[in-house]
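Understanding the architecture of this molecule
Listed here are the chains, written in short residue letters.
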Amino acid sequence: MKTLAELDFDNRFARLGDAFSTEVLPEPIDEPRLVVASPAAMALLDLDPAEAEQPVFAEIFAGHKLWESAEPRAMVYSGHQFGSYNPRLGDGRGLLLGEVVNEAGEHWDLHLKGAGQTPYSRMGDGRAVLRSSIREFLASEALHALGIPSSRALCVTGSSTPVWREKKESAAMVLRLAPSHVRFGHFEYFYYTKQEEQLKALAEHVLSCHFPECLAQPEPHLAMFREVLERNAELIAYWQAYGFCHGVMNTDNMSILGITFDYGPFAFLDDFDAQFICNHSDDAGRYSFSNQVPIAHWNLSALAQALTPFIGVEALRDTLNLFLPLYQAHYLDLMRKRLGLFSADEKDSALIERLLQLMQTSPVDYTRFFRALGDSPAADALKRLRDEFVDLAGFDSWAADYRARSESEGLPQAERQQRMHAVNPKYILRNYLAQQAIEAAEKGDYSEVRLLHAVLSKPFDEQPGNERFAERPPEWGKHLEISCSS
Ligand code: AMP
Ligand code: MG
């Protein structure tokens with residue numbers, strides 16, 4: 001276990017030089033206070049959880065103090081936003097403080113979001129509000145606990161510094177951890193600005209730091225692209241299987257590591273709705289729930305374009321064509337497990353599709369359905385769930401087929417329940433739960449954020465006393481307009 005002072009830095013991205021990032025110091029926020037910290041994320045840095053109680057912890061993560069060996073820098077990137085190319089984005093309000101090497105030899109980027117203006121701030125104030133910082137923190141740690149690849153969050157610090165959005169709010173910072181902050185948009189930036197040497201150096205950096213196994217392949221760049229594609233296919237399968245809607249799948253928000261990245265107006269589905277749009281500025285529904293699959297593919301083609309200096313177009317096309325089958329295989333695998341089907345049957349896809357269609361026309365809570373379906377005995381679980389469906393005949397026919405299929409697994413009821421509950425969370429981050437915790441935090445009471453974080457860190461466990469977090473959301477809670485300003 002280490003103290004904050006004992007962290008070791010090895011700033012590999014900073015060493016790429018000024019074409020890739022600009023040195024910028026954090027601009028502190030006033031009267032820093034710790035809102036919430038994640039002991040599990042602290043463990044990634046070998047940090048003693050007690051360090052979060054030290055005043056210096058909030059001071060560092062509010063920009064007041066810095067390690068001597070940190071090298072805070074704002075990264076430059078570009079990206080396709082809602083389908084249009086924006087030639088220059090970059091860290092407008094976040095800084096890569098440096099890369100910490102833990103005892104296992106892993107590098108973790110420390111990225112402080114809300115750290116003030118940078119050369120990439122454009123018209124922005126460089127700040128993040130408490131509301132969006134809490135949302136990013138809770139979601140990062142909650143998705144990780146569900147087993148969904150994600151950037152992590154170490155802590156949120158609040159302050160008395162005012163920031164203006166639709167109304168006056170207070171500034172906060174969230175410390176994000178990830179093995180890399182390289183986005184698809186990094187490659188696009190160097191490709192479209194025709195900086196060939198830098199594009200090459202970026203690819204070499206990513207290969208050697210993040211995909212060293214690809215270096216042994218006959219075509220390392222192609223192997224890297226394939227790896228990025230495979231990881232993203234798996235990630236999107238998780239999102240679709242668990243009902244997560246990202247909301248802003250611009251190419252600058254897509255990680256080369258295939259992790260959930262840059263949380264904005266995201267939402268988990270409450271009632272199942274394939275057309276659900278969580279981002280209220282997304283009028284055309286480009287980033288609707290079901291569009292996440294074709295959009296991820298589209299984003300990968302944007303990345304492929306930026307890799308054309310290294311890889312033949314035919315090879316890129318062939319690799320891109322793998323996306324859908326890879327995605328489908330992962331999705332089917334995850335959905336089978338959610339249904340308690342641990343072997344494969346060729347009719348499973350149709351069984352899943354029929355269920356989703358029934359859910360689409362009924363006010364069925366997506367997460368609660370799967371949790372309840374796992375209760376034993378299965379016959380009783382199905383009987384209870386029946387009431388939630390509008391098309392009763394359709395449900396009965398599905399339930400009969402499902403029971404027959406489920407029984408063909410030959411699992412004893414208790415084991416079926418145990419295995420299904422281990423993959424079907426009882427607790428997810430519903431928008432209204434985040435909202436309630438945020439409203440308390442905005443009044444200076446952080447207990448609800450901390451409790452919600454603790455509950456979501458064990459999403460599959462029964463947690464006596466915390467059942468209120470697993471309830472069906474109230475009607476108002478299903479229709480919250482989450483502001484896109486953050
Ligand atoms: P996001 O919507 O958070 O993914 O941000 C898109 C781009 O806008 C990135 O380049 C951000 O750094 C930048 N940005 C977002 N909010 C601000 C802000 N308040 N100040 C400066 N830049 C910002
Ligand atoms: Mg972003």
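What counts, and where the lines are drawn
Residues numbered from 1 in each chain as written. Chains lettered and ligands numbered in written order. Predicted model: local features only at pLDDT ≥ 70, side-chain atom pairs only at ≥ 80, totals over all residues. Heavy atoms only, no water. Helix = DSSP H or I, 4+ residues; strand = E, 2+ residues; numbered from the N terminus. Rg over C-alpha atoms; globule rule 2.2 N^0.38 Å. Buried < 20%, exposed > 50% of the residue type's maximum accessible area, 1.4 Å probe, protein only. Contact = heavy atoms within 4.5 Å. Lys, Arg positive; Asp, Glu negative; His and termini not counted. Charge placed at Lys NZ, Arg CZ, Asp CG, Glu CD. Salt bridge = Lys/Arg side-chain N within 4 Å of Asp/Glu carboxyl O. Near = heavy atom within 4 Å. Polar contact = N/O pair within 3.5 Å; in protein donor to acceptor, adjacent residues only side chain to side chain. Areas by Shrake-Rupley, 256 points an atom, 1.4 Å probe, with all protein chains shown as cover. Nonpolar A, V, L, I, M, F, W, Y, C, P; charged D, E, K, R; others polar. Domains from an automatic or database assignment. Buried area = accessible area lost by both parts, 1.4 Å probe. Core = buried A, V, L, I, M, F, W, Y, C linked by side-chain atoms within 4.5 Å. Expected span 1.5 Å × (residues − 1). Pairing = 2+ DSSP bridges. Phe/Tyr/Trp six-rings, centres within 6.5 Å; stacked < 30°, edge-to-face > 60°. pLDDT = per-residue confidence, 0-100.

Attention shifts here to the overall build of the chain. Looking only at helices and strands, one finds 17 helices and 13 strands in the chain. Whereas a compact globule of 486 residues would reach a radius of gyration of roughly 23 Å, the chain reaches 23 Å, a difference of no more than 12%. Projected onto the principal axes, the alpha-carbon positions of the chain cover approximately 65 × 55 × 45 Å. The burial tally for the chain puts 57% of its 486 residues in the buried class. When contacts within the chain are restricted to residue pairs at least 6 apart in sequence, those whose partners lie at least 24 apart make up 73%. The distance from the centre of the 47 positive side-chain charges to the centre of the 69 negative ones in the chain is 3 Å.

Before going further, it helps to spend a moment on the pattern of salt bridges. All chains considered together, the criterion is met by 34 salt bridges. Measuring nitrogen to oxygen at the nearest pair gives 2.7 Å for the salt bridge that ties Asp396 to Arg386. Taken together, the residues span a long stretch of sequence, with Asp396 in helix 13 (residues 392-407) and Arg386 in helix 12 (residues 378-386) at a distance of 10 residues. Here Asp396 falls in the partly exposed class, since its relative accessible area comes to 32%.

This brings us to the site of ligand 1. Around ligand 1 there are 15 residues in total, and Gly90, Gly92, Arg122, Asp125 and Gly126 lie nearest to it. With respect to ligand 1, the backbone of Gly90 contributes an N or O atom lying 2.6 Å from an oxygen atom. In isolation ligand 1 offers 480 Å² of accessible surface; the protein chains occlude 78% of this area. Here the residues of the shell around ligand 1 sort into two nonpolar, six polar and seven charged.

Let's shift gears to the domain arrangement of the chain. Entries for the chain in the domain assignment read domain 1 (4-181) and domain 2 (185-333). The centre of domain 1, based on its C-alpha atoms, is set 22 Å off from the matching centre of domain 2. At the junction of the two partners, domain 1 supplies 35 residues and domain 2 supplies 40 residues. Of the roughly 3,200 Å² buried between domain 1 and domain 2 on both sides combined, carbon and sulfur atoms contribute 66%. Taken together, the links from domain 1 to domain 2 amount to two salt bridges. Across the contact surface, domain 1 and domain 2 share 13 residue pairs in polar contact (both at pLDDT 80 or more). Elements that contribute at least two residues to the side of domain 1 that touches domain 2 include exactly strand 5 (79-81), helix 3 (130-146) and strand 11 (168-178).

The tendency in soluble globular proteins is for nonpolar side chains to be buried as a group. If you look at the biggest cluster of nonpolar residues, it comprises 158 residues, and the most contacted ones within it are Phe187, Phe369 and Trp398. Looking at this core, the element that brings in the most residues is helix 6 (residues 220-242), giving 14 residues. In this structure, this core is formed jointly by two domains, domain 1 (4-181) and domain 2 (185-333), each of which donates at least three residues. Every residue in contact with Phe187, bar those within four places of it in the chain, is listed here: Val182, Leu199, Leu202, Ala203, Val206, Met224, Ile256, Leu303, Ala306 and Leu307.

With that settled, the discussion passes to helix 13. Its 16 residues give helix 13 an end-to-end C-alpha distance of 22 Å, which sits within 8% of 22 Å, the value for a rise of 1.5 Å per residue. Close packing links the buried residues of helix 13 with helix 10 (348-360), helix 11 (366-373), helix 12 and helix 14 (413-421).

Within strand 7 (residues 94-101), eight of the eight residues are buried, which leaves it mostly tucked inside the rest of the structure. For strand 7 and strand 8 (residues 107-113), the ladder comprises seven bridges, and the chain directions are antiparallel. Pairing of Val100 across the sheet is with Trp108, part of strand 8. What sits between the antiparallel neighbours strand 7 and strand 8 is a turn of five residues, in which Gly105 has the positive phi angle 85°.

Turning our eyes to something else, we now look at the pairing of strand 8. Here strand 8 lies mainly inside the structure; seven of its seven residues are buried. Residues of strand 8 alternate between two faces, with His107, Asp109, His111 and Lys113 on one and Trp108, Leu110 and Leu112 on the opposite face, all of them buried. Sheet analysis places strand 8 next to strand 11, joined by five bridges and oriented antiparallel. The residue bridging Leu110 from the neighbouring strand is Leu177, located in strand 11.

So, about unusual backbone geometry. The amide bond that connects Ser376 to the next residue, Pro377, takes the cis arrangement and shows omega of -5°. Looking at the element boundaries, Pro377 is found in the loop between helix 11 and helix 12. One non-glycine residue, Glu31, lies in positive phi territory at about 45°. With respect to the helices and strands, Glu31 occurs in the loop between strand 2 (21-23) and strand 3 (33-37). Take Glu31: its relative accessible area is 55%, and that puts it in the exposed class. A positive phi angle, close to 50°, is found at Phe82, a residue other than glycine. Topologically, Phe82 is positioned in the loop between strand 5 and strand 6 (84-86).

Here the focus is the packing of aromatic side chains. The full count for this structure, using the stated rule, is 27 aromatic pairs. Geometrically, the ring pair formed by Phe323 and Tyr327 is stacked, given 6.5 Å between the ring centres and 15° between the ring planes. With Phe323 and Tyr327 both in helix 9 (residues 323-338) and four residues apart, the pair spans about one turn of that helix. Since its relative accessible area comes to 8%, Tyr327 is described here as buried. Ring-pair connections join several aromatic residues into one group, and the members of that group are Phe272, Phe289, Tyr366, Phe369, Phe370, Phe389, Phe395, Trp398 and Tyr402.

By the element assignment, Phe289 lies in the loop between strand 13 (267-268) and helix 7 (292-306). Each C-alpha atom of the pair Phe289 and Val364 lies 16 Å from the other, and the pair is 75 residues apart in sequence. Ignoring anything within four residues of it in the chain, the contact list for Phe289 reads Trp239, Gln240, Gly243, Phe244, Cys245, Leu269, Phe272, Asp273, Ala274 and Phe276.

Mapped onto the elements of the fold, His80 is located in strand 5. His80 sits in the buried class, given a relative accessible area of 11%. One polar contact links His80 to Glu188, side chain to side chain, over a distance of 2.6 Å. In contact with His80, other than residues within four places in its own chain, are Tyr85, Glu188, Tyr192, Asn250, Thr251, Asp252, Trp298 and Ala302.

Here the focus is the confidence of the model for the chain. Close reading of the predicted structure is inappropriate where its pLDDT is low. When the pLDDT values of the chain are averaged, the result is 98; 100% of them are 70 or greater. Between the elements of the chain, mean pLDDT differs from a low of 90, seen in helix 17 (residues 475-478), to a high of 99, seen in strand 3.

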